[in-house]
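Topology and contacts: notes
Okay, here's what each chain looks like letter by letter:
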There are 4 protein chains.
Amino acid sequence: MNERRRGAVRSEAAHRSILEATAALFAEKGYDHLTIEGIAARAHVGKQTIYRWWPSKAEVVAECLLEGVLLPYQFMPPTGAPVRDDMVDWLRGLNAFVTGEQHAELFRSLVAAAMDNADVGRMLRAKLGDESVMVQRLQAAVDAGQVRSDAPLQEVSEAFAGMLALRVLSRAPAEPDAAERMVDAVLGPYLT
Amino acid sequence: MNERRRGAVRSEAAHRSILEATAALFAEKGYDHLTIEGIAARAHVGKQTIYRWWPSKAEVVAECLLEGVLLPYQFMPPTGAPVRDDMVDWLRGLNAFVTGEQHAELFRSLVAAAMDNADVGRMLRAKLGDESVMVQRLQAAVDAGQVRSDAPLQEVSEAFAGMLALRVLSRAPAEPDAAERMVDAVLGPYLT
Amino acid sequence: MNERRRGAVRSEAAHRSILEATAALFAEKGYDHLTIEGIAARAHVGKQTIYRWWPSKAEVVAECLLEGVLLPYQFMPPTGAPVRDDMVDWLRGLNAFVTGEQHAELFRSLVAAAMDNADVGRMLRAKLGDESVMVQRLQAAVDAGQVRSDAPLQEVSEAFAGMLALRVLSRAPAEPDAAERMVDAVLGPYLT
Amino acid sequence: MNERRRGAVRSEAAHRSILEATAALFAEKGYDHLTIEGIAARAHVGKQTIYRWWPSKAEVVAECLLEGVLLPYQFMPPTGAPVRDDMVDWLRGLNAFVTGEQHAELFRSLVAAAMDNADVGRMLRAKLGDESVMVQRLQAAVDAGQVRSDAPLQEVSEAFAGMLALRVLSRAPAEPDAAERMVDAVLGPYLT
DNA sequence: GAGTAATCGAGACGGTACGTCTAGTCTTTTG
DNA sequence: CAAAAGACTAGACGTACCGTCTCGATTACTC
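Keep in mind it's a predicted model, so treat the numbers as computed, not measured.

1. Quick notes on the relation of the copies chain C and chain D
- Superposing chain C onto chain D requires a rotation of 179° together with a translation of 0.0 Å along the rotation axis, leaving an RMSD of 0.3 Å. In the structure described here, the two chain copies are related by an operation that fits a two-fold rotation axis. Judged by C-alpha distance, G162 of chain C is the residue of chain C that lies nearest the rotation axis, at 1.8 Å.
- Most of the interface of chain C is mirrored in chain D, where 100% of its interface residues again form contacts.

Spelled out as structure tokens, the structure:
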């Protein structure tokens, strides 16, 4: 019945150490200059221990993202204020975060990693709040009578997410009023 | 005598040869697995001849883009039909192109290259039609009375461009009606 | 009274299996490419079971030699014929064995192992008949009046052994009459 | 007619540096613990520069031997005294050199290398004076009337060389009178 | 029996070195 | 005299083994 495993068991210490080293080096040097040898050295781990569990550096990065070691923030849309203000707040925060001095390079590296590996892309979208989260917030607004019930929530969400994507891609500087203009232009017509 | 002229001619041949080799190898292996050595070998050129003219492989790729060797298409929005239909056509075409079997991997590589090098990003945006081109088309629609004069053209354009960006990033499959839904949702409210 | 040990006892099956796997792999790949991991895998044995009982692969090889798993032959000088003919026979046989197609590579590996580990060297010499065995045969010839009693038996033996050693070391091909020439040159002057 | 090569030419500095580093490390750690990486590091040379010119570390060692970087001594038999004394001197010197504290380990490593690679074996024999050198010295003795003209010079030489080989192989300590006993036993009967 | 050691196969661990590949620079020869 | 050919130092790649260290199971002696 129970397939007994034999031999020593995976070392959780090594596992953690690898993820932490990866996160640190990713932040320091970016995805391109991240190396398996560097991770192994920083984590005080044999290279084989990395290759035993992950097929490529992209997968290690994906797991870092999943575990929140790389990007500990989880962006959920706020819900207290009227939907228009909540969306502006949220988009403004994300936009500032994603394009700000601190993190712009990190995100460019993450996008490069995502282009290399679909898992990284998936994790990254989940972290940044995919459209389903946005749609839920908008649906709540519909239920509260703040948004017309015939509003195309899916498309509105996609427009907002796309705006963020575009700004990462095009190295656009963070403009404080971009979020406001975007929300008014796209969501505005559907507010009651 | 004219021996010297021939030397200059040969140099231009090398230049072209490098761009063509780069384009061919880019298409074959993608940006990550593109190497200077590979380009030099394929172009029958010394590595130094590449390093003499470009500081990095990203710059070679950028010039390929500029010269149209990599991406010979130039996407301009059509102008014949009502603006709503023109935009749908245009977005649909671009979306299919960018996410289709043939080119999806190429675009992912281009995005990776753009993350590595701002020039590549600039070229890529220019090739795919940046917002200013879209804004011009929309302005024409305003002038023609098809779109309300208070419509936020900049933001509408950004929403459309963002949608495309998002689809490249997230490896979304090409949905034929996505363009239509997007145009109706974002531009719809501003049509007269 | 007797301090008996507790717990399981050394597995004879594992022991044998290791020696056999070692012999097989030694013959297949030679000493240099023999690995502890390879032996363990071939013997269906944990690596630790090898390290528990032997300090190095050289010691395992030495025991293989001792147990006759590696080299099942035991060369003793014949005694029937006149000493000159017996020595020729014996040297010829050994020389052919040691330098022949079949075994030359094996012996080179054994020499390499002997350079690595003195025990292997000891075993190897014992197997191939060290000088004391030769001296005994020659002493019998002295007693039988076939060899002068003032003959330097030790040095004559050493000369014969040295000839064999030299031929292994220098990859000399097996010459059928080498043994005869050697015996006549070195032992000849002392025959009665 | 002459196929001339293009491009840069082999760096003599790197070549020398590699041979010297190899000799130093060989002496320090022996053949087994000699590594290509170690040589490259010590010689301030890329590993590829070693692999470009030699297929294995054994070949590098062989060239070290050939170039006299590893073993700068060249043993030629002396010729001044009567042949018996010259041979004793020569054998004693070689035996002491080969089995002495200083060099025994080096020679064991060299033998191991020779078992690995035929070139090393050839070089080693040439360095230590192969039998042809000995035969020449003995022939001179024959011409001078010190040795009988029917003496089997080839076999006598082989006996002496074999004695040395055996002593390297068997880790025999250097006995000062071994050379004398050997010469008297093997060459003695042929002296006039 | 229950307890206690030592053994077993299996295999993960931190490491070292392998032999290959590419980067970016420097050098020689040739058209 | 520009540029092809290619050697140079440097360093990461992914693999193979090293010798050590768990694991859980098994075996054999002691109490």
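What follows continues from the structure just given.
2. Thoughts on the relation of the copies chain B and chain A
- Superposing chain B onto chain A takes a rotation of 179° combined with a translation of 0.0 Å along the rotation axis, leaving an RMSD of 0.2 Å.
- In this assembly, 100% of the residues forming the interface of chain B have copies in chain A that are likewise at the interface, indicating an isologous arrangement.

3. Notes on the protein's contact with DNA strand F
- The environment of DNA strand F is formed by 41 residues, the closest being K47 and Y51 of chain A, S11 of chain B, Q48 of chain C together with G7 of chain D.
- Within the contact set of DNA strand F, a phosphate oxygen lies 2.5 Å away from a side-chain nitrogen or oxygen of Y51 of chain A.
- Between G7 of chain D and DNA strand F, the recorded distance is 3.4 Å, taken from a backbone N or O atom to a base nitrogen.
- Listed by contribution, the elements that provide at least two residues to the surface near DNA strand F are α2 (36–43) and α3 (47–53) of chain A, α3 (47–53) of chain B, α2 (36–43) and α3 (47–53) of chain C together with α3 (47–53) of chain D.
- Counting residues per element, the surface near DNA strand F draws most heavily on α3 of chain D, at four residues.
- By residue class, the composition of the surface near DNA strand F is 12 nonpolar, 15 polar and 14 charged.

4. Considerations on the nonpolar core
- Grouped together as the largest cluster of nonpolar side chains are 140 residues, with contacts concentrated most on L70, L110 and F160 of chain C together with L70, L110 and F160 of chain D.
- Setting aside anything within four residues of it in sequence, one finds L110 of chain C in contact with F26, V61, L65, L70, L71, V120 and L124 of chain C.
- The next biggest cluster of nonpolar side chains, apart from the first, holds 139 residues, and it includes F75 of chain A together with V135, V142 and V147 of chain B.

5. Let's talk about the packing of helix α9 (residues 153–169) of chain C against helix α10 (residues 178–186) of chain D
- At a closest axis distance of 9 Å, the pairing of α9 of chain C and α10 of chain D adopts a crossing angle of 90°. With respect to α10 of chain D, the axis of α9 of chain C lies roughly perpendicular. Along its contact with α9 of chain C, which presents E155, E158 and A159 of chain C, the element α10 of chain D presents R181, M182, A185 and V186 of chain D.

6. Quick look at the interface of chain B and chain A
- Chain B puts 32 residues into the contact, and the matching count from chain A is 32 residues.
- When chain B packs against chain A, close to 2,700 Å² is buried across both sides, 64% of that on carbon and sulfur atoms.
- In this structure, the connection of chain B to chain A is made through four salt bridges.
- Of the charged contacts, one joins R181 of chain B and E155 of chain A as a salt bridge, the two residues approaching to 1.9 Å between their closest N and O atoms.

7. Re the packing of aromatic side chains
- Counted according to the given criterion, the structure contains 11 aromatic pairs over all chains.
- With a centroid separation of 6.2 Å and an interplanar angle of 50°, the aromatic rings of F26 of chain A and Y31 of chain A are classed as tilted. In terms of burial, F26 of chain A and Y31 of chain A fall into one category: buried.
- Connected via pairs of aromatic rings, a cluster forms that spans F75, F97 and F107 of chain C.
- A cation over a ring is seen here: R10 of chain A above W54 of chain A, with NZ or CZ 5.2 Å from the ring centre.

8. A closer look at the arrangement of the chains
- The two partners chain A and chain C share no contact, and the minimum distance between any of their C-alpha atoms is 10 Å.
- At no point do chain B and chain C touch; the closest pair of C-alpha atoms across them sits 34 Å apart.

9. What to know about α2 of chain A
Residue and element names in this part refer to chain A.
- All buried positions along α2 are accounted for by I36, I39, A40 and A43. For α2, the angular spread of the buried residues around the axis is 95°, confining them to a single face. Opposite its buried face, α2 presents the exposed residues E37 and A41, each directed more than 90 degrees away.
- Of the surrounding elements, those touching the buried residues of α2 are α1 (12–29), α3 and α4 (57–67).
- The positive-phi residue at the C-terminal boundary of α2 is H44, with phi of around 55°.

Cut-offs used in this document
Residues numbered from 1 in each chain as written. Chains lettered and ligands numbered in written order. Predicted model: local features only at pLDDT ≥ 70, side-chain atom pairs only at ≥ 80, totals over all residues. Heavy atoms only, no water. Least-squares fit on C-alpha atoms with pLDDT ≥ 70 in both. Contact = heavy atoms within 4.5 Å. Near = heavy atom within 4 Å. Polar contact = N/O pair within 3.5 Å; in protein donor to acceptor, adjacent residues only side chain to side chain. Helix = DSSP H or I, 4+ residues; strand = E, 2+ residues; numbered from the N terminus. Nonpolar A, V, L, I, M, F, W, Y, C, P; charged D, E, K, R; others polar. Core = buried A, V, L, I, M, F, W, Y, C linked by side-chain atoms within 4.5 Å. Buried < 20%, exposed > 50% of the residue type's maximum accessible area, 1.4 Å probe, protein only. Axes fitted to C-alpha atoms, helices over the stretch in contact; angles between N-to-C directions. Parallel < 35°, antiparallel > 145°, perpendicular 65-115°, else oblique. Buried area = accessible area lost by both parts, 1.4 Å probe. Salt bridge = Lys/Arg side-chain N within 4 Å of Asp/Glu carboxyl O. Phe/Tyr/Trp six-rings, centres within 6.5 Å; stacked < 30°, edge-to-face > 60°. Lys NZ or Arg CZ within 6 Å of the ring centre and 35° of its normal. Arc of directions from axis to C-beta.

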